[in-house]
Amino acid sequence: MPTLLEPVNINNMPLKNRMIRSATWEGMCAPDGRPTPKLADFYAELARGGVGLIITGYAFVSPEGKQLPGKMGIHDDHFAADFLRLTDAVHAAGGAIAVQLVHAGGQASIEAAGQQPVAPSAVEVPQYPQLPAALTPAQIAAIVDSFGAAAARARQWGFDAVQLHGAHGYLINQFLSPLTNRRTDSYGGDIDHRCRFLMQVYDAVRKSVGNGFPVMIKLNADDFLDGGLNRQDALSAARMLDAAGIDAIEVSAGTAASGKKGPARDRINTPEKEAYNLDLARRIKSEVHCPVVVVGGFRSYDVAEAAIRDHGMDAIAMSRPLIREPRLPNRWQQGDRSPAKCISCNKCFVPGYKYGGIYCMVEKKRSSSHLGAHGSDH
């Protein structure tokens, strides 16, 4: 059986190990969405740290799909030079990088998107900050096209792969969920119809990049919401994607409204609390042929290793531990197998709003107190 630190290949993309940095908003892009040198440095440090693949923070494919300040945008041809600097920085540091493509739909904010959010249906649900407008068929077609155009830019700008964001309550997930998709046209109803938008997006992306370029998805296997996407329907979506040629499925779960079962759970302080999406991922793995990646609370080497060696996962994904310790993969590779230092407090996201970029506040406080005790470090 393969092990965590062994190489893996995803559709012509060789990865040096099976540790993937899962997509996370960093808050390090300019107001128009172009990546900054600070973000390029952030990713280069992850690459030097030894992670097999970096997946960027979610990049909006059209402006009305923007959610947060400092969010990446891959909707504008004029950003080519900025993106090429970013991908070149990662490759120079020995890394591989994929860009995650997203439309936030009803979870977009009017402040970031500059207009009333749009969604499959005009419904009030806890995950939406306000009532969205229902998308027209023409608007749906335009968004599908914008995913395809974004993927073409990604390939031209040096990314090694793209990942669709089909999880966490964003637009693809909104179409999949009967809670947020109340449409009575060909995009609503049973799961086959609710998958129509997803499959149109996948087809547009695949046509724009070709069969030899990796196209992956982050997919919710359960929304953990009453009336939301359930496990059986998620399995149907996974089978459809697999049959269409998706290159990897990263299994996640939960939305911003899912409470303690949200995507980034806190207090992951024992091995028993880790790998909280593993059972969902194993179920999907049993039904598909493509590689399956599992994300969710990995902190211990042994738990991550067991997910691959004993439970058939092709890779594991993590993010918060790499915010505190970008060189964690190298540490494990070199034989120090002690757990990640991340305490799952989720405070790393606060500086993304206040100070122009996420970082581990616990580590920064520890470093500051250490400098204060031992003098300044010039």
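Reading guide: rules and limits
- Residues numbered from 1 in each chain as written.
- Predicted model: local features only at pLDDT ≥ 70, side-chain atom pairs only at ≥ 80, totals over all residues.
- Heavy atoms only, no water.
- Helix = DSSP H or I, 4+ residues; strand = E, 2+ residues; numbered from the N terminus.
- Buried < 20%, exposed > 50% of the residue type's maximum accessible area, 1.4 Å probe, protein only.
- Contact = heavy atoms within 4.5 Å.
- Areas by Shrake-Rupley, 256 points an atom, 1.4 Å probe, with all protein chains shown as cover.
- Lys, Arg positive; Asp, Glu negative; His and termini not counted.
- Charge placed at Lys NZ, Arg CZ, Asp CG, Glu CD.
- 1 Å grid on protein atoms, 1.4 Å probe; cavity = no way out; pocket = protein on both sides within 12 Å on 5 of 7 lines; lining within 4 Å.
- Points joined across faces, edges and corners; volume = space filled by probe spheres on them.
- Nonpolar A, V, L, I, M, F, W, Y, C, P; charged D, E, K, R; others polar.
- Core = buried A, V, L, I, M, F, W, Y, C linked by side-chain atoms within 4.5 Å.
- Pairing = 2+ DSSP bridges.

Peer 1: Explain the overall build of the chain residue by residue, including any values.
Peer 2: A tally of helices and strands in the chain yields 14 helices and 14 strands. Taking the principal axes of the C-alpha coordinates as reference, the chain spans close to 65 × 45 × 40 Å. Among the 378 residues that make up the chain, the fraction classed as buried is 60%. Of the contacts made within the chain by residues no fewer than 6 positions apart, 69% connect residues no fewer than 24 positions apart. Within the structure as shown, the chain displays about 14,800 Å² of accessible surface, and the carbon and sulfur contribution to it stands at 52%. If you average the places of the 41 positive and of the 38 negative side-chain charges in the chain, the two averages end up 5 Å apart.

Peer 1: Before we move on, could you go through the layout of surface pockets and cite the residues and values that matter?
Peer 2: Taken as a whole, the largest pocket encloses approximately 1,000 Å³ of empty space. Forming the boundary of the largest pocket are 41 residues, of which His168, Tyr170, Pro263, Ala264 and Phe349 lie nearest the centre. Among the elements of the structure, β14 (315–318) and α11 (320–324) are those that each provide at least two residues to the lining of the largest pocket. Residue composition of the lining of the largest pocket, by class: 17 nonpolar, 17 polar and seven charged.

Peer 1: Before we move on, can you summarise the nonpolar core with the specific residues and values?
Peer 2: Membership of the largest hydrophobic core comes to 102 residues, with the highest contact counts inside it found for Tyr43, Leu101, Phe147, Phe197 and Ile249. No other element matches the eight residues that helix α7 (residues 196–209) contributes to this core. Excluding residues within four positions of it along the chain, leucine 101 makes contact with Ala59, Val61, Ile74, Phe147, Ala150, Ala151, Val162, Gln163, Leu164 and His165. Residues Ile10, Ala96, Ala98 and Met216 belong to the second largest nonpolar core, which totals 17 residues.

Peer 1: If you had to explain the pairing of strand β11 (residues 215–220) to someone new, which residues and values would you point to?
Peer 2: Taken across its six residues, β11 has six buried, putting it largely inside the fold. Judged by which residues are buried, β11 turns out to be covered on both faces: Val215, Ile217 and Leu219 on one side and Met216, Lys218 and Asn220 on the other are all buried. The pairing of strand β10 (residues 161–166) with β11 spans five bridges and is classified as parallel. Bridge pairing links leucine 164 to isoleucine 217 in β11.

Peer 1: Can you lay out the pairing of strand β7 (residues 97–102) for me, pointing to particular residues and giving the numbers?
Peer 2: Most of β7 sits inside the fold, with six of its six residues counted as buried. The alternating pattern of β7 places Ile97, Val99 and Leu101 on one face and Ala98, Gln100 and Val102 on the opposite face, and all of these are buried. Where strand β4 (residues 53–55) meets β7, two bridges bridge the pair, whose relative direction is parallel. Paired with isoleucine 55 across the strands is alanine 98, a residue of β7. The pairing of strand β5 (residues 59–60) with β7 spans two bridges and is classified as parallel. Paired with alanine 59 across the two strands is leucine 101, which belongs to β7. Summarising the sheet, β7 and β10 pair through four bridges and their orientation is parallel. From the neighbouring strand, valine 99 faces β10, where its bridge partner is valine 162.

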